[in-house]
Every structure is written in structure tokens, then in C-alpha cells.
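So the chains spell out like this:
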Amino acid sequence: MAGENTAFSKRLVAFIIDMIILGIVSSILTFPFATDNYKKLTEESTQVMEDYFDKKITPEIYLSRSSDISYDLSKEIGLKTIITIGIYILYFIVYQFYHNGKTLGKKFMRIKIVSNTEKELSMNQLAVRSLIINSILVNLITLATTIFGTKDIYFVTSMVMQVIDMILMFTIAIMVLSRKDKRGLHDIITNTKVINEE
């Protein structure tokens, strides 16, 4: 029914469609920045994991080596990460604002984001909402520690950010599934809701 708050399943399908689209666009735009060193580090990461599962190395050695490789990989793909974050900002904030609260996934599922008040949906609402639901803030913090932090700071921060991100996504999913108004934490913070398109 038009104007009603949308079911979790429609939002999830729209999100998956958006992630596929962004994955393709991001891969195309960042492909020129792929390096031999990135491939080498990826192979090293796989080898360390295999050595650990084959019990050739101890958990302590595995943790030390994998954290070193993870930090080096993060440094190696810094530019790609910046480009990807930029794409997310343009798509989930700017594009969505100028398309009446709809991404391509939302258009396909015939849903949209609106303000929960009588006011028009604002760019600020979409920005804060996207920082939370699209993990932009988590990725920005992790990127900052990659650029400015030491290996240890990066490792701890990235682990903490991953845990926070998982808790946020789980909390949002539970709220959307259980609340009558189908609003998640990001909707409540930004005073928005997702409705069926008229």
C-alpha cells in the first residue's frame, strides 16, 4: 500500500541491488590502480592462512603475520579505498537526494526514504543516515588510521570498527523487523523512514 512503511525484505533486496551496482562501478574505477604488490600481499595472506590451518605455524605467529599483511594491504589499497568511499558518498547521499530519496535499488523495489516530519528530506539527513547504515563512517575512521596511525593502532581500530559495524547492522535489522513503524536506529537518529512509493 502506498505510503506505508516498507517491509525488511524489500529494503534488503534494494540494498543488495545497490551493493551489486556499486561493486561493479567501484571495480571498474579502481581497476587501473591494481598493483603487483597487492597480488603478492594477497597471496601471502592466503599462504599464512593455509600454514595456520595445516598447523605449520602457531596462533601467535599467524596473528602477527596476518596483522602485518593486513596493514600492508590496507596501505596498498588506500587510493582505491578513497575512491570507493567517494562513490558511496556520491551514490547514497548526493544521488539519493536528487532522486527523491531513491537509489536504483529502491527505485526497482518501489520504495523511498522520506523525512518523518512534514519537512522535505534534507541532504544532512541522508549524510548522517549513510554514515551509519552504509558504513561510511567506519570506513573513514579505518582509512584515517591506515594513513596516520601505526600498525598496532590500525589493527586495534579496524577490529573495533568491524565489531561496532556488525553490532550496528544487527541492531538496525532487529529494529526494522520488530518495530511497528519499521524504523531502524539510523532512521530514528535522522528522523527518516522508508515507505512504499505511491
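What counts as what
- Residues numbered from 1 in each chain as written.
- Predicted model: local features only at pLDDT ≥ 70, side-chain atom pairs only at ≥ 80, totals over all residues.
- Heavy atoms only, no water.
- Buried < 20%, exposed > 50% of the residue type's maximum accessible area, 1.4 Å probe, protein only.
- Helix = DSSP H or I, 4+ residues; strand = E, 2+ residues; numbered from the N terminus.
- Arc of directions from axis to C-beta.
- pLDDT = per-residue confidence, 0-100.
- Phe/Tyr/Trp six-rings, centres within 6.5 Å; stacked < 30°, edge-to-face > 60°.
- Lys NZ or Arg CZ within 6 Å of the ring centre and 35° of its normal.

## Side note on helix α6 (residues 123-133)
Note: α-helices contain 3.6 residues per turn, so residues at a spacing of three or four share the same orientation. Within α6, the full set of buried residues consists of Gln125, Leu126, Arg129, Ser130, Ile132 and Ile133. Considered in projection along α6, the buried side chains sweep an arc of 160 degrees and stay on one side of the axis. The positive-phi residue at the C-terminal boundary of α6 is Ser135, with phi of around 60 degrees.

## Description of the confidence of the model for the protein chain
In this model, the protein chain carries a mean pLDDT of 91, and residues with pLDDT of at least 70 account for 97%. At the low end of the mean pLDDT range in the protein chain sits helix α3 (residues 59-76), at 89; at the high end sits helix α5 (residues 104-109), at 96.

## A few points about the packing of aromatic side chains
Enumeration over the complete set of coordinates arrives at seven aromatic pairs. With a centroid separation of 5.1 Å and an interplanar angle of 75 degrees, the aromatic rings of Tyr91 and Phe92 are classed as edge-to-face. Considered together, Tyr91 and Phe92 belong to a single accessibility category, that of buried residues. When the centroid spacing of 5.0 Å and the interplanar angle of 80 degrees are considered together, the rings of Phe97 and Tyr98 count as edge-to-face. On the accessibility criterion, Phe97 (28% relative accessible area) is partly exposed. Under the relative-accessibility criterion, Tyr98 is labelled exposed at 59%. Here the aromatic cluster, defined as three or more aromatic residues joined through ring pairs, consists of Tyr88, Tyr91, Phe92 and Tyr95. In this arrangement the basic side chain of Lys80 is found over the ring face of Tyr38, its NZ or CZ atom lying 4.9 Å from the centre.

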